[in-house]
Amino acid sequence: MHSTKKIHGSLHDPPCANTRPGKTAASPSTGDTPAQALAALFSGGVVEVRALGDYATHSGYFDDFARLAACAEALDTDPEVRGIYVTLNEVDPALLARRANRVKMRLTRSDATTSDADIVRRRWLPVDLDPVRPGGVSSTEEEHAAALRRADAIARWLDEQGFPEPIRADSGNGAHLLYAVDLPNDDGGLVKGVLATLDALFSDEKVTVDTANANAARIWKLYGTCSRKGDNTAERPHRRAKLLSVPEHAEIVTADKLRQIATRLPTEAPTPPTGGKIDLATWLSEHGLAVRSTRPWQGGTLHVLADCPFSTAHRDGAFAVQFPNGAVHAGCHHASCGGGKQRWPELRAMHEPKKKRKEAPPPNPPAPDPAYREKALAILEDGDPIAFLLDTFHREHVGDTIVAECLIMSVASQSVENTNGLHVAISGNSGKGKTHACTTMLTLIPETFRLTGTVSDKALYYHDSLRPGTVFLFDDVSLSDDMQELLKSATAGFREPIEHRTLTTERRLRVCTIPERCVWWLAKVESVGDDQVMNRMLTVWIDDSKEQDERVLAHMKMAEAERRGDDEDADVHVCRAIWEIVKEQTYHVRIPFSTRISFRTARNRRNPAMLFDLIKASALLHACRRDRDEDGSLIADREDFAYARRLFLAINGDTGGQETKLTRNEAAALETVKTMGWNAFTVHMLQETLGLSYQQTYRLLHGYTNSRATHAGILDKCPAVSLIDATVAEERFGIEMKRREHYFSFDHRAYRDWMAKADVWIDDDPDPSTFAPGLHQGGGNDPAAEGERS
């Protein structure tokens, strides 16, 4: 676990000099001093400071950091000094005798500075993000901000690869990331390889990763001093370099982790192709694969793709390389996409039409056994279809009854005329059964009505075999902006097809359609990132308790011990037959007692509509036993209300965040704060209690923004939690440092009021405590609150 001290709150402080050229630098603000930088970068040893000017270089060696800081501040007042730098890595202590704790002004040719051979060990992996601009000038505000954003993107990706939190800094014109390492001077090319990989994957026409920083004696901007490239103008001002955040405990990146990144891209050409050489650039263009950037690589050409063709969970990371011999290697740097492994054959298969086979087409699949439909009709007419579906579901998936019922109601809503459909968002930690619950339920739906796997927004539009009433499962996928807009359109216009007009590669208009009455299942650790999307979803949590872990393990043991035939469970076919019958026609459902239904709270105005749709879906599944009015509408009864009420209260209580829109992890974090009795806490306190990393805990509280969406955190969702920004003084290496510390206040009363369980009732009903339990009780629910059956 790691935690970070935020040194300076603003990424856009005033420039270090007046906007008129020729002025000297203003004094640095608290937290931006050379002394603070030296304390963060070095724990001792000898450091060379080097000031570069237009006509002279000044240099000195120091083991007295207080004196070094004073000399650096003095040098920084000289407007002819363009930048002040220090050696990052461990210098041979004998070099102190060259200029011991002093700066020699205007070095001569005989005055040596630190060379690569003078470095004893490498202590830092330096990542420099430099905005692309003409040489010899400072960056604009837009260029500067782009570099800071790119640094955040690289830090997030390296965090996914297991890297610790880096030092984050503003170089004045761009951005810096510094990762602690412990390597010999001759590191076998590890640092160079890591920078080359980051350059290949993250550099583009706006911001580049500087690969020249791989040499051991590389000098580095001293934070707290001014960067003066070119003249100081309003458009391209001089700025002060500064630390942005420093980990409290600098974790060393191991050589193995560095090697994993350094070898992420291929360095050797695969086997040359047979049957003619492909021109990769032309192939990518012809098949509509946009290229973000192109550059030389190992004698060939590296194409960084604008969108990953292998997954919709991310956009960045995909690449394709053509080597001099014509061989092609394609892949994606994300671990979920193979971590750079060869996927070129798969990419070709996705975009090149298969050759027509000469053999006869396969015969039509055999018709289902009529006995399945006969049993399905019997269940719909005289039995309990929800109970039958749940029983079949639980043969493969243990527990999570509320999740299963939400999915069943979602499918049933497709056959209700007067609804916008019930869509489901399931949250919970990885490996706890979100995917398994969804795929198990999907197996009970006819194949022609389900679409699973990696699906992009474009793939949906171009999918020619989609039918009305299809179920879409998006498993741990980060929805693009287009996908989120599509989902909002699909829910607002649930009963109508969605048309999308686009241009083909031949610049011809094509109208693509997603059919009506499709429902969406989203299985994610975090929220989807759009409040309007979440407001359209049944929000339910997977059971990730220890008791559930034990039940799942026991079920797995039993399954391994059983002797089972090759045939699929007959009841699975019956479930599919039930849905085939239900989908044969749609029904208008009327709730005659709707005006008498009361809600304890209706902060989210979409939630009452969710309850009404649950009532309608229940009535739909029991259509054979429901009355009709003179117009042919189904009449929902009190049993449908009791069932819908129980499910609605469950997802507003212990098994979901329907009203609060909290994910499982966010709810657990808030409950931890309440249990600990904290009135105020820090990220570090909550991190240690939850057992998560600092970054995970920070995201829970603050949320985060990635290339696809802004994900709200607890601060945005829960009114009981507030942020307190305080300044704290501490001493490091004899130097007093001031830093900002974020505290969070917690109002226990406001939390209790906000988390008060929802309730819903019919006004003429008796005391709810006398209600009889509803049908299909889920585990862990209070039977006294289950609802009424008439």
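Residues numbered from 1 in each chain as written. Predicted model: local features only at pLDDT ≥ 70, side-chain atom pairs only at ≥ 80, totals over all residues. Heavy atoms only, no water.

Draft legend 1. Here's a closer look at the overall build of the protein. Scanning the protein for helices and strands turns up 23 helices and 34 strands. Counting across all 790 residues of the protein, residues that qualify as buried make up 52%. Long-range pairs, those at least 24 residues apart, make up 72% of the contacts in the protein with a sequence separation of at least 6. Split by element, the accessible area of the protein, about 35,900 Å² in all, is 49% carbon and sulfur. (Helix = DSSP H or I, 4+ residues; strand = E, 2+ residues; numbered from the N terminus. Buried < 20%, exposed > 50% of the residue type's maximum accessible area, 1.4 Å probe, protein only. Contact = heavy atoms within 4.5 Å. Areas by Shrake-Rupley, 256 points an atom, 1.4 Å probe, with all protein chains shown as cover.)

Draft legend 2. Up close: the pattern of salt bridges. Applying the stated criterion to the full structure yields 30 salt bridges. Note that Arg 228 and Asp 76 form a salt bridge whose closest N and O atoms lie 3.7 Å from each other. On the criterion of sequence distance, the pair formed by Arg 228 in the loop between β12 (226–227) and β13 (239–240) and Asp 76 in helix α2 (residues 65–76) is long-range, its members being 152 residues apart. A salt bridge links Asp 130 to Arg 133, with the shortest nitrogen-to-oxygen separation between them at 3.1 Å. (Salt bridge = Lys/Arg side-chain N within 4 Å of Asp/Glu carboxyl O.)

Draft legend 3. Just the environment of Ser 618, in detail. Mapped onto the fold, Ser 618 is located in helix α17 (residues 606–621). The exposure class of Ser 618 is buried, given its relative accessible area of 2%. A sequence separation of 22 residues divides Ser 618 from Asp 640, and the C-alpha atoms of the two residues are 5.5 Å apart. Apart from the residues lying within four places of it in its own chain, the contact partners of Ser 618 are Met 409, Asp 640 and Tyr 643. Among the polar contacts made by the side chain of Ser 618, one reaches the side chain of Asp 640 at a distance of 2.8 Å. (Polar contact = N/O pair within 3.5 Å; in protein donor to acceptor, adjacent residues only side chain to side chain.)

Draft legend 4. Spotlight on unusual backbone geometry. The backbone of Asn 101 shows a phi angle near 50°, a positive value even though the residue is not glycine. Looking at the element boundaries, Asn 101 is found in the loop between β5 (90–91) and β6 (102–104). The exposure class of Asn 101 is buried, given its relative accessible area of 17%. With a phi close to 60°, Arg 517 is a non-glycine residue in the positive phi region. Within the secondary structure, Arg 517 sits in the loop between β23 (509–514) and β24 (519–524).

Draft legend 5. Representation of helix α3 (residues 141–160) within the structure. Taking 1.5 Å of rise per residue, 20 residues should cover 28 Å, and α3 covers 29 Å from first to last C-alpha, within 8% of that figure. Every buried residue of α3 is accounted for by Glu 143, His 144, Ala 145, Ala 146, Ala 147, Leu 148, Arg 150, Ala 151, Ile 154, Ala 155, Trp 157 and Leu 158. Once α3 ends, the next one or two residues include Gly 162, with phi positive near 95°. (Expected span 1.5 Å × (residues − 1).)

Draft legend 6. Region of the structure containing the confidence of the model for the protein. With 78% of its residues at a pLDDT of at least 70, the protein reaches an overall mean of 79. Counting interchain partners and residues more than four positions distant, the pLDDT-below-50 stretch residues 6–15 has 37 contacts. With pLDDT under 50 throughout, residues 355–362 is counted as low confidence; its partners more than four residues away or in other chains account for zero contacts. (pLDDT = per-residue confidence, 0-100.)

Draft legend 7. View of the side chain of Thr 470. In this structure, Thr 470 sits in the loop between α12 (457–462) and β21 (471–475). You can call Thr 470 buried: its relative accessible area is 2%. Beyond its immediate sequence surroundings of up to four residues, Thr 470 is in contact with Gln 414, Thr 448, Phe 449, Arg 450, Leu 451, Arg 517, Cys 518 and Val 519.

Draft legend 8. Representation of the packing of aromatic side chains within the structure. Taken as a whole, this structure holds nine aromatic pairs when the rule is applied. Between the aromatic rings of Phe 472 and Trp 520, the centroid separation amounts to 5.3 Å while the plane-to-plane angle is 85°, which identifies the pairing as edge-to-face. Of this pair, Phe 472 sits in strand β21 while Trp 520 is found in strand β24, placing the two residues 48 residues apart along the sequence. Arranged with centres 6.1 Å apart and planes meeting at 85°, the rings of Phe 593 and Phe 641 form a pair that is edge-to-face. Taken as a pair, Phe 593 in the loop between β26 (589–590) and β27 (597–599) and Phe 641 in helix α18 (residues 638–651) lie far apart in primary sequence, 48 residues in all. Phe 641 carries the same exposure label as Phe 593, and that label is buried. Each member of the aromatic cluster is reached from another via a ring pair, and the members are Trp 678, Phe 681 and Phe 744. Residue placement shows Lys 583 over the ring face of Phe 449; its charged tip is 4.7 Å from the ring centre. The ring of Phe 593 carries the charged tip of Arg 638 above its face, separated from the ring centre by 5.7 Å. (Phe/Tyr/Trp six-rings, centres within 6.5 Å; stacked < 30°, edge-to-face > 60°. Lys NZ or Arg CZ within 6 Å of the ring centre and 35° of its normal.)

Draft legend 9. Seen up close, the sheet that holds β6. Taken together, five strands build an open sheet; the order of strands is β6-β3-β2-β4-β11 and the sheet is antiparallel. Strands with a single pairing partner mark the edges of an open sheet, and in this sheet they are β6 and β11 (219–221). Along the sheet, successive strands turn relative to each other by an average axial angle of 25°, direction set aside. Against the sheet, α2 contacts β2 (47–53), β3 (57–62), β4 (81–87) and β6, and its axis sits at roughly 165° relative to β3. (Pairing = 2+ DSSP bridges. Axes fitted to C-alpha atoms, helices over the stretch in contact; angles between N-to-C directions.)

Draft legend 10. Structural context of the environment of Leu 647. Tracing the chain through its elements places Leu 647 in helix α18. Overall, the relative accessible area of 0% leaves Leu 647 in the buried class. Residues Leu 647 and Leu 611, 36 residues apart in the sequence, show an inter-C-alpha distance of 8.8 Å. Those residues within four positions of Leu 647 in sequence are excluded, and the remaining contacts are Ile 402, Glu 405, Cys 406, Met 409 and Leu 614.

Draft legend 11. Summary view of the sheet that holds strand β18 (residues 328–332). Spatially, β15-β16-β17-β18 is the arrangement adopted by the four strands of the open sheet, whose pairing is antiparallel. Two strands bound the open sheet, and with one partner strand each, they are β15 (291–297) and β18. Adjacent strand axes in the sheet meet at a mean angle of 15°, parallel and antiparallel pairs treated alike. Pairing of strand β17 (residues 318–322) with β18 involves five bridges; the strand directions are antiparallel. If you follow Phe 319 over to β18, its bridge partner there is Gly 331. Most of the contacts of helix α4 (residues 190–202) go to β15, to which it runs at about 145°, and overall it touches β15, β16 (300–305) and β17.

Draft legend 12. Representation of the packing of helix α10 (residues 401–413) against helix α11 (residues 434–442) within the structure. For the pair α10 and α11, interaxial distance at closest approach is 10 Å and the crossing angle is 45°. By the angle class used here, α10 and α11 are oblique. The hand of the α10/α11 crossing is right-handed. Contacts between α10 and α11 involve Val 403, Ala 404, Leu 407 and Ile 408 on the former and, on the latter, Ala 437, Cys 438 and Met 441. Its residues placed into classes, the contact of α10 with α11 shows seven nonpolar, no polar and no charged. (Parallel < 35°, antiparallel > 145°, perpendicular 65-115°, else oblique. Left-handed = near helix turned anticlockwise from the far one by under 90°. Nonpolar A, V, L, I, M, F, W, Y, C, P; charged D, E, K, R; others polar.)

Draft legend 13. Structural context of the nonpolar core. Formed by 71 residues in total, the largest nonpolar core has its most connected members in Met 409, Trp 521 and Trp 579. At nine residues, the largest contribution of residues to this core is made by α10. Aside from chain neighbours lying at most four places away, what touches Met 409 is Ile 386, Leu 422, Leu 614, Ala 617, Ser 618, Leu 621, Tyr 643 and Leu 647. Among the nonpolar cores identified, the runner-up in size contains 40 residues, and Ala 151, Ala 155, Val 181 and Leu 201 belong to it. (Core = buried A, V, L, I, M, F, W, Y, C linked by side-chain atoms within 4.5 Å.)

Draft legend 14. Structural context of the pairing of β3. Within β3, five of the six residues are buried, which leaves it mostly tucked inside the rest of the structure. Sheet topology note: the β2/β3 ladder contains six bridges and is antiparallel. Residue Val 47 lies in a different strand from β3, and its bridge partner there is Phe 62. In sequence, β2 turns back onto β3 through a hairpin of three residues. Sheet topology places β3 next to β6; two bridges connect them, and they run antiparallel.

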